[in-house]
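Each chain, letter by letter, is given below.
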Amino acid sequence: MTTTEKLTALRRAMARRGLAAYLVLTDDFHASEYVGDYFKAREYLSGFTGSAGTLLVLPSRALLWTDGRYFLQAESQLAGSGIELMRSGEPDVPTLERFLLTELEDGSLLGFDTRTVNTALARRLGNKLRAKHIRFAGDEDLVDALWPDRPPLSAAPVWELGIDYAGEARADKLARVRAAMADEGADAFVVTALDELAWLLDLRGNDVACTPVFLGFLLLTKEDAVLCARAGAVSEEVKAALTADGVRLADYESIYGLVRALPRGTRVLLDGATANYRLTQSVPDGAEALDRPSPIVPMKAVKNAVEQENFRRAHLADGIALTRFLRWLKCDAVREGATERSAAAKLEEYRRESADYLEPSFDPILAYGPHGAIVHYEATAETDVPLEARGLLLADTGGHYRTGTTDVTRTVALGPVTEEEKRACTLVLRGHLALAAARFRAGVTGENLDILARGPLWDEGLDYNHGTGHGVGYLLSVHEGPQRIHWNITSNARHTALEPGMIFSDEPGLYLAGKFGVRLENLLLVREAETNAYGRFLSLEPLTLAPFDRDTIDPSLLSGRELAQLNAYHARVYEALAPHLDAETRVWLRGVTAPLGK
């Protein structure tokens, strides 16, 4: 069916139920950033494939909200569908809540699947729409009946990470979380986010592409722990290990009944950012729902000593693969007739030579020329273009290793570049270097540091429409909170101080629609620096090991300090990688990491 036919069928189902509007989010039952194929209802209906977006269907209109990362992509993919693009955060673009309040009539019914709407959003909608007595109808997934070949709900095997990788035993993590529950005055805690569940139980899976997690919920009390997982996903061996640590198994869908069966007086901790609305509504009368941030989030964000050392190992392996790939891009790719997609496959080939490599940490972004201006571009058979011996290629990729997760971006000159391109690359590099060099007082948040990366661009009246940095999980989600580097303090209610052991990305960019895009990204580890009479100071260790392309840099725009920092980084890259490279690649790396001067 075409998009128009799908929307027509949905509207017929809405009319039969008296719905004035129907909401389709990107989420699964756990508010995950990336979701399994079963949950891609918004993509099925609209044709928009981005990882963030909300579709609203009315009897005579359909609208899709997405953020600045996806404006160009959504504009292209929604063309001809009749779906209006709502550019979130832009002037005169109403929020979903405000639009519904304006457009829906008093007493209307708003439909959605309560399992795919998180509690925080449901409550925001309810508070906003109460003035017009708009009610929710959330018991049905209307898209399911319209999707004849819907992929099945995944039940991939669950596997144990192991103490050598996790650095902390499952029993110890459970004890830590129970202690945090006691501090909150909670008798029960429903763990809903998939990455939190995987971290807590030292388990991994393959139910979500590019995110090695498994579908499940955990109901944790002072004496009991019940893992609600997909039937057949947990082997007898893993089940026995869980049982030894006091964790018993139940069916995935049974979580709602278990919550409904909690006794009167139970205080139930749920994080409204990830707990779906049906789950919150399942808390019985006489029990109390405590909607508070999950205590697992800050625990997971601070990597222990074993995880930190493993992350370094992962980035060494990734740096070897990346350096071989960058040499191939510069020397052989155009001659061999490479395209965006074949270049991505080449890098995957190099990464797979590492024994610890598992899978990409997100779909690779290999964007040549104008495609680089699409922040989250993903080449398809229809958009794939050959690489030419001129201009810029933006390569944003990452990998999951047993030793950790990587995320790195380099912008590469495939031949001659214009002065405009070189200037853009150098301005972005200056911002990247400034953030990487930061030393700061303990207590500083990412919002405090963002100006370092944006400053060189803001000085020129330029900017980029995405965050500067995000946390990264240990063989979990490549985008992990609570830490983030972002300028807009109003866009995030939870401001988090950076702590030693946290890892975040440093990825400023610049995008000129129809021309090119630039982004440069390393992962940084927060470390102790010193404590003196002025307080406790922290610094940053670059984990990523890959050269920046000197052909994209105008040294005259760099200060002496910036040149020294770049040269020191390149010296570190060469020293770490050279012993692991073949002679040809080692010689090439020596040349591209040689000191750069004015």
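Quick look at the structure, then. (Residues numbered from 1 in each chain as written. Predicted model: local features only at pLDDT ≥ 70, side-chain atom pairs only at ≥ 80, totals over all residues. Heavy atoms only, no water.)

This part is about the sheet that holds strand S15 (residues 357-360). An order of S15-S18-S19 is seen for the three strands of this open sheet, with the pairing classed as antiparallel. What marks the edges here is a single partner per strand, and that holds for S15 and strand S19 (404-405). With two bridges connecting them, strand S18 (residues 399-401) and S19 associate as antiparallel partners. Paired with Tyr401 across the strands is Gly404, a residue of S19. (Pairing = 2+ DSSP bridges. Helix = DSSP H or I, 4+ residues; strand = E, 2+ residues; numbered from the N terminus.)

This part is about the pattern of salt bridges. Charged atoms that come close allow side chains of opposite charge to pair. Tallying each qualifying case throughout the model produces 47 salt bridges. The closest approach of N and O atoms between Arg87 and Glu75, which form a salt bridge, is 3.7 Å. With Arg87 in strand S4 (residues 84-87) and Glu75 in helix H3 (residues 71-78), the pair connects residues that are twelve residues apart, well separated along the chain. Residue Glu75 is classed as partly exposed on the basis of its relative accessible area of 44%. (Salt bridge = Lys/Arg side-chain N within 4 Å of Asp/Glu carboxyl O. Buried < 20%, exposed > 50% of the residue type's maximum accessible area, 1.4 Å probe, protein only.)

With respect to topology, six strands assemble into an open sheet ordered S4-S3-S2-S1-S5-S6, the strand pairing being mixed. The open sheet is flanked by S4 and strand S6 (135-137), the only strands paired with a single partner. When the angles between neighbouring strand axes are averaged without regard to direction, this sheet yields 25 degrees. Where strand S1 (residues 21-24) meets strand S2 (residues 54-57), three bridges bridge the pair, whose relative direction is antiparallel. Paired with Leu23 across the bridge in S2 is Leu56. Contacting S1, S2 and strand S3 (62-66), helix H1 (residues 3-16) runs over the sheet at an angle of about 60 degrees to S2. Across the sheet, helix H5 (residues 119-129) lies against S1, strand S5 (109-111) and S6, angled at about 140 degrees from S6, the strand it touches most. (Axes fitted to C-alpha atoms, helices over the stretch in contact; angles between N-to-C directions. Contact = heavy atoms within 4.5 Å.)

Right, let's talk about unusual backbone geometry for a bit. Note that the residue after Gly481, namely Pro482, is joined by a cis bond; omega there is 5 degrees. Residue placement: Pro482 occurs in strand S23 (residues 480-485). In the Ramachandran plot, His133 falls in the positive-phi region, its phi being about 55 degrees despite a non-glycine side chain. Relative to the assigned elements, His133 resides in the loop between H5 and S6. A positive phi angle, close to 50 degrees, is found at Leu475, a residue other than glycine. Here Leu475 shows up in the loop between strand S22 (469-471) and S23.

Counted by the stated rule, this structure contains 15 aromatic pairs. Summarising the aromatic geometry, the rings of Phe29 and Tyr252 are spaced 6.4 Å apart at their centres and angled 20 degrees between planes, so their arrangement reads as stacked. Linking Phe29 in the loop between S1 and helix H2 (41-46) with Tyr252 in the loop between strand S12 (248-251) and helix H10 (255-260), this pair joins segments that are 223 residues apart in sequence. Here Phe29 falls in the buried class, since its relative accessible area comes to 3%. (Phe/Tyr/Trp six-rings, centres within 6.5 Å; stacked < 30°, edge-to-face > 60°.)

All right, on to the nonpolar core then. Counting 77 residues, the largest nonpolar core has Phe325, Leu329, Leu387 and Phe440 as the members making the most contacts within it. The element best represented in this core is helix H15 (residues 419-436), accounting for eight residues. Ignoring any residue separated from it by four or fewer positions in sequence, one finds Leu329 in contact with Leu387, Leu393, Val412 and Leu414. Val234, Val268, Leu270 and Val478 belong to the second-largest nonpolar core, a separate cluster that totals 59 residues. (Core = buried A, V, L, I, M, F, W, Y, C linked by side-chain atoms within 4.5 Å.)

The next thing to look at is H5. Considered for burial, the residues of H5 that qualify are Thr119, Leu121, Ala122, Leu125, Gly126 and Leu129. The arc that holds the buried residues of H5, viewed along the axis, is 165 degrees, so those residues lie on one side. Near the N-terminus of H5, the side chain that reaches the backbone nitrogen of Ala120, with its oxygen 3.1 Å away, is that of Asn118. (Arc of directions from axis to C-beta. Polar contact = N/O pair within 3.5 Å; in protein donor to acceptor, adjacent residues only side chain to side chain.)

On to a nonpolar patch on the surface. On the surface, a cluster of nonpolar side chains totalling about 380 Å² of accessible area is made up of Ile451, Leu452, Trp458 and Trp487. Within the secondary structure layout, Leu452 lies in helix H16 (residues 446-458). On the basis of relative accessibility, which here comes to 33%, the residue Leu452 falls in the partly exposed class. (Patch = residues over 30% accessible without salt bridge, like charges linked within 9 Å, V, L, I, M, F, W, Y side chains within 5 Å. Areas by Shrake-Rupley, 256 points an atom, 1.4 Å probe, with all protein chains shown as cover.)

This part takes up empty space enclosed by the protein. For the structure on display, the rule yields three cavities of 30 Å³ or more. The space that makes up the largest cavity amounts to roughly 150 Å³. Together, 16 residues line the largest cavity, and Val24, Ala41, Asp113, Thr116 and Asp141 are the ones closest to its centre. Ranked by residue count, the leading element in the lining of the largest cavity is S1, at three residues. Taken together, the residues of the lining of the largest cavity break down into eleven nonpolar, one polar and four charged. There is about 40 Å³ of room inside the second largest cavity. Of all elements in the fold, only helix H13 (305-331), strand S17 (392-397) and strand S20 (408-413) reach the threshold of two or more residues within the lining of the second largest cavity. Broken down by element, the residue count for the lining of the second largest cavity peaks at three residues, all from H13. Residues that form the lining of the second largest cavity fall into these classes: six nonpolar, one polar and one charged. (1 Å grid on protein atoms, 1.4 Å probe; cavity = no way out; pocket = protein on both sides within 12 Å on 5 of 7 lines; lining within 4 Å. Points joined across faces, edges and corners; volume = space filled by probe spheres on them. Nonpolar A, V, L, I, M, F, W, Y, C, P; charged D, E, K, R; others polar.)

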